[in-house]
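Report on the structure
Here is how the chains run, residue by residue.
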Amino acid sequence: MIKAILIFNNHGKPRLSKFYEHYTEDMEQQIIRETFHLVSKRDENVCNFLEGGLLIGGSDNKLIYRHYATLYFVFCVDSSESELGILDLIQVFVETLDKCFENVCELDLIFHMDKVHNILAEMVMGGMVLETNMNEIITQVDAQNKMEKSEAGIAGAPARAVSAVKNMNLPEIPRNINIGDISIKVPNLPSFK
Amino acid sequence: MFPFESGHVRLGRRYFPSSPSRSAEAGRAAILNVSLVPLSAAKRDDSRVVLVSPRLRMPAPIRLRELIRTIRTARTQAEEREMIQKECAAIRSSFREEDNTYRCRNVAKLLYMHMLGYPAHFGQLECLKLIASQKFTDKRIGYLGAMLLLDERQDVHLLMTNCIKNDLNHSTQYVQGLALCTLGCMGSSEMCRDLAGEVEKLLKTSNSYLRKKAALCAVHVIRKVPELMEMFLPATKNLLSEKNHGVLHTSVVLLTEMCERSPDMLSHFRKLVPQLVRILKNLIMSGYSPEHDVSGISDPFLQVRILRLLRILGKGDDDSSEAMNDILAQVATNTETSKNVGNAILYETVLTIMDIKSESGLRVLAINILGRFLLNNDKNIRYVALTSLLKTVQTDHNAVQRHRSTIVDCLKDLDVSIKRSATQSVSGENICEFVLCIYSHQ
């Protein structure tokens, strides 16, 4: 079981934190800090596995991490997960993010935290791996995003209509049109309500 | 192509436009000028007919992006805290106004602040309101908020049960998916008891998207309420005949969980061994299938899962072990080892061989694979090899001895993790030999 998935940058600022077991808010922040502390000390050419810190469950748990440019992707897992498999999973996750955001960079994760959560929700559920096929994940995420967009389209219409009307430059409506002998009385239009 | 070895995602800087988007403009305009009430009589004489009148209203809550941008300009922790507190106050008053339009936006901001470490518990009820909304956008953020902010220690979470029940029966599969996901992540025992029936129903659906999620949700339900395990037994009957790899994967996880929890289930599921062997065989022999391919290997994740289940099923049982001997030998000899995925499969195969009642030839093969791992350049491989040697040293003492010198070399490795693993491999009985070995190397 995956206990937690953390993404933070080289300075320890969290970019995503998802816990699959319950911890209090303080504990969560402590875990993030401790994990950063452990992982940032690691050299570049050592293996990607670490024993879990004191906070996240001790010897049965491992921290499996990968370092991509400015970000650390850390999965905290227990012994029921294959370590090498999780390494591959991190790679799939990053490649999926790369496809969804087109050349993903840290700024994408910063400004679209909710989207990253949505993508992750299609991959890992309840601490267990749900789907590992990148194309399948992207298809499902895209379909849900389309649903959101279509809702925003309908909901955004009144707002757009109001501002359009507001910006319209209506000429004055003449009350009487006099063209020679013909006198047409323009009916009193009801006021806009 | 699956660029494992490159390992580098192109993470670089990207310019972020600072001007507000058109839609933001439209959004703001709408807030200020919602009412189209005609003006007072005095103004009516004016030739310009003013269509709308501005009405005094609170400014619209800022979008999540704006908030993030603002927070990033903070130069000190204190400055950041101040900005966050100001925004929290704005969000709180917006919640008090019971405004449906902006609840989604406010909760999204709250979740961001929660990630940074600031208290966000006042948003819990708002998440529930979002879940109850009809819009998918609202539900999505609402469920995410529930997963991040709520837990079973608060009574609030029980209010979700009814919403989840309705959503599990929703006409849109993605809404059902959201409900399954949330239940599977943070459902309490009471919730699981109430909703287990719905999950069981979805486990039998033909929709593969829902089926795979229902399987993992069932695992969570079983973990919370072990007595309910029996309930899911009928649904597992034809899980393995699925073609969809996602469903297969999560089904194997479900079966693994059931087998690990109950010896009765374990003996019941032993009859699945031939089917599992067949699936594994198809994966290895299938040739190139691009949708499941990872570095030339067909769905390595599924292979690893099946191998793990086979390990549990074969342990201590002669017949099952015999049934899987051939396939294990096949996997052990045919898997490509140039990429990490291949090694993950091999590693799992080795562990399985060591755990079941395999014939001696197979065991020797397994130990030799481990020995090769120890000499691998990749530190990760060396680490996992050492940890598994640790497990096998009790049972196959002699075979491990052959690799004694390599283990000793690992003791000298600079990597802390590898050193620790190597030290643990040195068990009580053979510690003298190892010490002698170290001395003789010096």
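Because the structure is predicted, anything quoted here is derived from the model rather than measured.

Criteria and thresholds
Per chain, the residues get numbers from 1 upward, laid out in the order the sequence is written. Written order decides the labels, with chains lettered from A and ligands numbered from 1. Reporting of local features is limited, given that this is a predicted model, to residues whose pLDDT is at least 70; pairs of side-chain atoms are given and counted only at 80 or more, and all residues count toward the totals for whole chains, interfaces and linings. Where side-chain values are given, they derive from all heavy atoms of the structure, hydrogens and water being excluded. Under the DSSP-based scheme used, a helix requires at least four consecutive residues in state H or I and a strand at least two consecutive residues in state E, with every element numbered from the N terminus. Throughout, exposure labels follow a simple rule: accessible area from a 1.4 Å probe, protein chains only, divided by the maximum for the residue type, with under 20% read as buried, over 50% as exposed, and the rest as partly exposed. Any two residues whose heavy atoms approach within 4.5 Å are treated as being in contact. Reported accessibility uses the Shrake-Rupley method at a 1.4 Å probe radius. Residues are deemed covered only where the shown protein chains occlude them. One bridge is not enough; two strands pair if DSSP finds at least two bridges between them. Put simply, buried Ala, Val, Leu, Ile, Met, Phe, Trp, Tyr and Cys residues joined by side-chain atoms within 4.5 Å make one nonpolar core. Paired rings are identified among Phe, Tyr and Trp, the last through its six-membered ring, by centres lying within 6.5 Å, and are further divided according to the angle between planes into stacked (under 30 degrees), edge-to-face (over 60) and tilted (the rest). Here, a salt bridge means any Lys or Arg side-chain nitrogen found within 4 Å of an Asp or Glu carboxyl oxygen. Bend is the name given here to the angle between axes fitted to two runs of seven residues, the run ending at a residue and the run starting at it. In this description, the term disulfide denotes a pair of cysteine sulfurs within 2.5 Å. What pLDDT conveys is the predictor's confidence in a given residue, as a value from 0 to 100. What counts as an axis is a line fitted to C-alpha atoms, over the stretch in contact for a helix, and the angles between N-to-C directions run from 0 to 180 degrees. For classification, angles of less than 35 degrees are called roughly parallel, those exceeding 145 degrees roughly antiparallel, those between 65 and 115 degrees roughly perpendicular, and all remaining angles oblique. Amino acids outside the nonpolar list (Ala, Val, Leu, Ile, Met, Phe, Trp, Tyr, Cys, Pro) and the charged list (Asp, Glu, Lys, Arg) are all regarded as polar, and Gly is one of them.

Here we come to the overall build of chain B. Each helix and strand in chain B was counted, giving 23 helices and two strands. Relative to its full complement of 442 residues, chain B shows a buried share of 55%. In chain B, the share of contacts with a sequence separation of at least 24, taken over all contacts with a separation of at least 6, comes to 67%. Summed over its atoms, the accessible surface of chain B is roughly 21,100 Å², and 52% of this surface lies on carbon and sulfur atoms.

Across its full length, chain A holds five helices and nine strands. From first element to last, N terminus to C terminus, chain A shows the α and β order β-β-α-β-β-β-α-α-α-β-β-α-β-β. Split into buried and exposed, the 193 residues of chain A put 55% on the buried side. A separation of at least 24 residues holds for 46% of the contacts in chain A among residues at least 6 apart in sequence.

A few words on the pairing of strand β2 (residues 14-19) of chain A. The buried count for β2 of chain A comes to six of six residues, which makes it a mostly enclosed element. Connecting strand β1 (residues 2-9) of chain A to the next strand, β2 of chain A, in antiparallel fashion are four residues, including Gly12 of chain A with a positive phi near 90°.

Let us look at the nonpolar core. Grouped burial of nonpolar side chains is what soluble globular proteins tend to show. Counting 137 residues, the largest nonpolar core has Ile2, Phe73 and Phe93 of chain A as its most contacted members. Setting aside chain neighbours within four positions, we find Phe73 of chain A in contact with Leu6, Ile7, Ile64, Tyr65, Arg66, Tyr68, Ile90, Phe93, Val94, Leu97 and Leu109 of chain A. If you look at the next biggest cluster of nonpolar residues, it comprises 31 residues, including Phe111 of chain A together with Leu64, Phe95 and Leu116 of chain B.

Right, let's get into the packing of aromatic side chains. Residue and element names in this part refer to chain A. Applying the stated rule across the entire model yields eight aromatic pairs over all chains. On the numbers, 5.6 Å between centres and 90° between planes, the contact of Phe8 with Phe36 is edge-to-face. Of this pair, Phe8 sits in strand β1 while Phe36 sits in helix α1 (residues 25-40), and the two are 28 residues apart along the sequence. The rings of Phe8, Phe36 and Tyr72 are connected pair by pair, giving a single aromatic cluster.

What follows concerns the pattern of salt bridges. All names here are of chain B. The tally for this structure, following the rule as stated, stands at 25 salt bridges over all chains. The salt bridge involving Lys109 is made with Glu87; its shortest N-O contact spans 2.8 Å. One end of the pair, Lys109, is in helix α5 (residues 100-116); the other, Glu87, is in helix α4 (residues 77-96), and 22 residues separate them in sequence. On the basis of relative accessible area, Glu87 is assigned to the buried category, the value being 12%. A salt bridge links Glu198 to Lys201, with the shortest nitrogen-to-oxygen separation between them at 3.5 Å.

Moving on to helix α10 (residues 189-203) of chain B. All names here are of chain B. Approximately 55° is the largest bend angle found in α10, and it occurs at Leu195. Those residues of α10 lying buried are Met191, Cys192, Leu195, Ala196, Glu198, Val199, Glu200, Leu202 and Leu203. The secondary structure elements touched by the buried residues of α10 are α8 (160-168), α9 (173-186), α11 (208-224) and α12 (245-261).

What follows covers the state of the cysteines. Residues and elements named next belong to chain B. Throughout the structure, instances matching the rule amount to zero disulfides over all chains. Left unpaired, Cys127 is separated from the closest cysteine sulfur, that of Cys104, by 10 Å. Accessibility expressed as a relative area gives 1% for Cys127, which makes it buried. No disulfide involves Cys192; its sulfur sits 6.8 Å from that of Cys217, the nearest cysteine.

All names here are of chain B. Here chain B averages 79 in pLDDT, and 73% of its residues register 70 or above. Per-residue pLDDT stays below 50 along residues 1-56; that stretch engages in 85 contacts with residues further than four places along the chain or on separate chains. Under a pLDDT of 50 for its full length, residues 437-442 has, in the predicted model, six contacts with residues more than four places off or in other chains. Both confidence scores are given for the complex: pTM 0.79, ipTM 0.78.

This paragraph deals with the sheet that holds β2 of chain A. All names here are of chain A. Across the sheet, five strands lie side by side as β2-β1-β5-β4-β3; this open sheet has antiparallel pairing. With partners counted over all chains shown, the strands left at the sheet margins are β2 and β3 (49-51), one partner each. With direction set aside, neighbouring strand axes in the sheet form an average angle of 20°. Taken together, the five bridges between β1 and β2 define a ladder with antiparallel strand orientation. Paired with Leu6 across the bridge in β2 is Ser17. This element, helix α4 (residues 113-121), spans β1 and β2 of the sheet and lies at about 40° to β2.

Residues and elements named next belong to chain A. Of all eight residues in β1, eight are buried; the element is thus mostly enclosed. In terms of strand pairing, β1 meets strand β5 (residues 71-77) through seven bridges, oriented antiparallel. Bridging from a neighbouring strand, Phe8 pairs with Tyr72 of β5.

So, on to the packing of α4 of chain A against helix α7 (residues 136-149) of chain B. Close contact between α4 of chain A and α7 of chain B brings their axes to 11 Å; oriented N to C, the two are set at 80°. Here α4 of chain A lies roughly perpendicular to α7 of chain B, going by the angle between them. Only Arg140, Ile141, Leu144 and Leu148 of chain B of α7 of chain B make contact with α4 of chain A, whose side of the interface consists of Asp114, His117 and Asn118 of chain A. Considering only residue class, the contact of α4 of chain A with α7 of chain B consists of three nonpolar, two polar and two charged.

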